[in-house]
Amino acid sequence: MRHAGEIAVQRRTGVRLAGHGSARVRAEIPEVAARFLESQRMVVIGAEDREGRVWAAPLTGRPGFVAPSGDRTILVDAVPVAPLAGVFDVEHDIGMLAVEPWTRRRMRVNGRARRDGDHLMLRTEQVYSNCPKYLQKRTIVEDLEPGERTSRSGDRLSEAQREWITAADTFFVATHAPGLGSDVSHRGGNPGFVEVVDDRRLVWPDYAGNLMYMTLGNLELNPAAGLLFLDWATGDALHLTGRARVDWEPREVPGAQRLVEFDVEHVLEAGGASPLRWAFEEYSRFNPPVRGA
């Protein structure tokens with residue numbers, strides 16, 4: 001059933017669709033979803049760490065590294081490193097997004113996962129697809145051998161990291177509602193759609209979507225959130241964790257139905273987070289213009 005956060009957001013936005021949101025999502029993995037998962041090269045996971053901070057992180061592998069086993073179990077031939085290292089040593093809530101930029105297809109899986117050797121074993125509770133809106137088209141041009149990872153952390157954004165975010169056309173956002181599970185979703189737009197206010201605050205527009213409000217619903221109950229910005233050309237990753245809140249006045253930002261303000265609490269920049277190298281092809285035709293561009 002829908003949780004209280006989703007219901008509150010749907011009421012605020014005037015959605016009166018009975019059973020819309022978590023209520024319409026099934027736990028079983030349909031055959032078409034199983035085939036899609038088996039072809040993936042990358043998934044993004046989201047979870048809460050031991051300190052209650054929420055993070056999003058990529059996992060990559062050869063086709064088949066994500067493999068359904070039965071109608072409610074998924075085996076992932078990878079385990080997370082920092083910032084989610086060790087989190088799944090015991091069973092833990094997880095959100096997972098499988099995204100295929102070259103076809104603009106994506107699906108989400110939420111459930112519980114635990115580490116089993118070099119694998120994650122995920123028991124599904126929600127399995128559903130999303131529309132292709134705001135997904136930029138990209139293709140894999142190189143798949144390198146995994147190299148040495150480097151990392152640096154802090155509590156605010158450097159100038160280079162601020163420029164990285166300003167140039168981004170895509171990021172991923174993880175949320176967690178205590179007792180109700182974790183979720184990870186995609187956000188996309190033209191470069192500049194994420195405003196870097198200063199070294200501790202970001203603002204982005206929330207565009208028209210599927211009206212399920214699973215991300216905003218979680219934020220209604222728990223402001224903790226994690227963001228992931230990928231450097232598609234180098235394989236580096238920028239992980240942010242902090243607190244988000246919804247500003248219901250879009251302030252004339254093109255295409256925005258509301259704004260999300262995010263306060264940065266911790267930053268982890270990981271070099272060599274992914275062996276995949278991607279080439280940009282085209283922006284989504286659904287992307288609204290960016291204010292001031």
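Residues numbered from 1 in each chain as written. Predicted model: local features only at pLDDT ≥ 70, side-chain atom pairs only at ≥ 80, totals over all residues. Heavy atoms only, no water.

Let us look at the sheet that holds strand β3 (residues 66-68). Pairing is antiparallel across the open sheet formed by 7 strands, whose spatial order is β2-β1-β5-β6-β7-β4-β3. Two strands in the sheet have a free side with no partner beyond their single neighbour: β2 (54-60) and β3. Strand-to-strand twist in this sheet, taken as the mean axis angle between neighbours without regard to direction, amounts to 30°. Helix α2 (residues 31-38) rests against β3, β4 (73-76), β5 (92-100), β6 (105-116) and β7 (119-130) of the sheet, and its axis sits at about 155° to β3. (Pairing = 2+ DSSP bridges. Helix = DSSP H or I, 4+ residues; strand = E, 2+ residues; numbered from the N terminus. Axes fitted to C-alpha atoms, helices over the stretch in contact; angles between N-to-C directions. Contact = heavy atoms within 4.5 Å.)

What follows concerns the packing of aromatic side chains. A complete count under the given rule lists 8 aromatic pairs for this structure. Measuring from ring centre to ring centre gives 5.1 Å for phenylalanine 171 and phenylalanine 229, while their planes differ by 25°; the resulting arrangement is stacked. Linking phenylalanine 171 in strand β10 (residues 170-177) with phenylalanine 229 in strand β14 (residues 224-230), this pair joins segments that are 58 residues apart in sequence. By relative accessible area, phenylalanine 229 is classed as buried at 0%. Seen from their ring centres, tryptophan 204 and phenylalanine 262 are 6.3 Å apart, and the 40° between their planes marks the pair as tilted. With tryptophan 204 in strand β13 (residues 201-206) and phenylalanine 262 in strand β16 (residues 258-271), the pair connects residues that are 58 residues apart, well separated along the chain. (Phe/Tyr/Trp six-rings, centres within 6.5 Å; stacked < 30°, edge-to-face > 60°. Buried < 20%, exposed > 50% of the residue type's maximum accessible area, 1.4 Å probe, protein only.)

Turning our eyes to something else, we now look at the nonpolar core. Ranked by internal contacts, the top residues of the largest apolar core, which has 31 residues, are Ile165, Leu202, Leu227, Phe229, Leu240 and Phe262. Of all the elements in the fold, those that place two or more residues in this core are α3 (159-167), β10, β13, α4 (214-221), β14, β15 (237-247) and β16. Counting residues in hydrophobic clusters, the runner-up holds 29 residues, among them Val43, Ala47, Phe88 and Met107. (Core = buried A, V, L, I, M, F, W, Y, C linked by side-chain atoms within 4.5 Å.)

Remark: helix α1 (residues 4-13) packs on α4, axes separated minimally by 7 Å, with the N-to-C direction vectors making an angle of 110°. Considering the angle they form, α1 stands roughly perpendicular to α4. For the pair α1 and α4, the sense of crossing is right-handed. From α1, Gly5, Glu6, Ala8 and Val9 reach across to α4, where they touch Met214, Leu216, Gly217, Glu220 and Leu221. (Parallel < 35°, antiparallel > 145°, perpendicular 65-115°, else oblique. Left-handed = near helix turned anticlockwise from the far one by under 90°.)

Here we take up the pattern of salt bridges. Enumeration over the complete set of coordinates arrives at 25 salt bridges. Salt-bridge contacts for arginine 35 lead to glutamate 31; the nearest nitrogen and oxygen are separated by 3.7 Å. Residue arginine 35 and its partner glutamate 31 are located together in helix α2, separated by 4 residues, close to a single helical turn. A salt bridge links arginine 115 to aspartate 118, with the shortest nitrogen-to-oxygen separation between them at 3.9 Å. (Salt bridge = Lys/Arg side-chain N within 4 Å of Asp/Glu carboxyl O.)

Across 3 bridges, the pairing between strand β12 (residues 195-198) and β13 is antiparallel. When the sheet's bridge partners are listed, aspartate 198 is paired in β13 with arginine 201.

Relative to the helices and strands, serine 274 resides in the loop between β16 and β17 (276-282). Reaching out from serine 274, the side chain makes a polar contact with the backbone nitrogen of leucine 276 at a distance of 3.1 Å. (Polar contact = N/O pair within 3.5 Å; in protein donor to acceptor, adjacent residues only side chain to side chain.)

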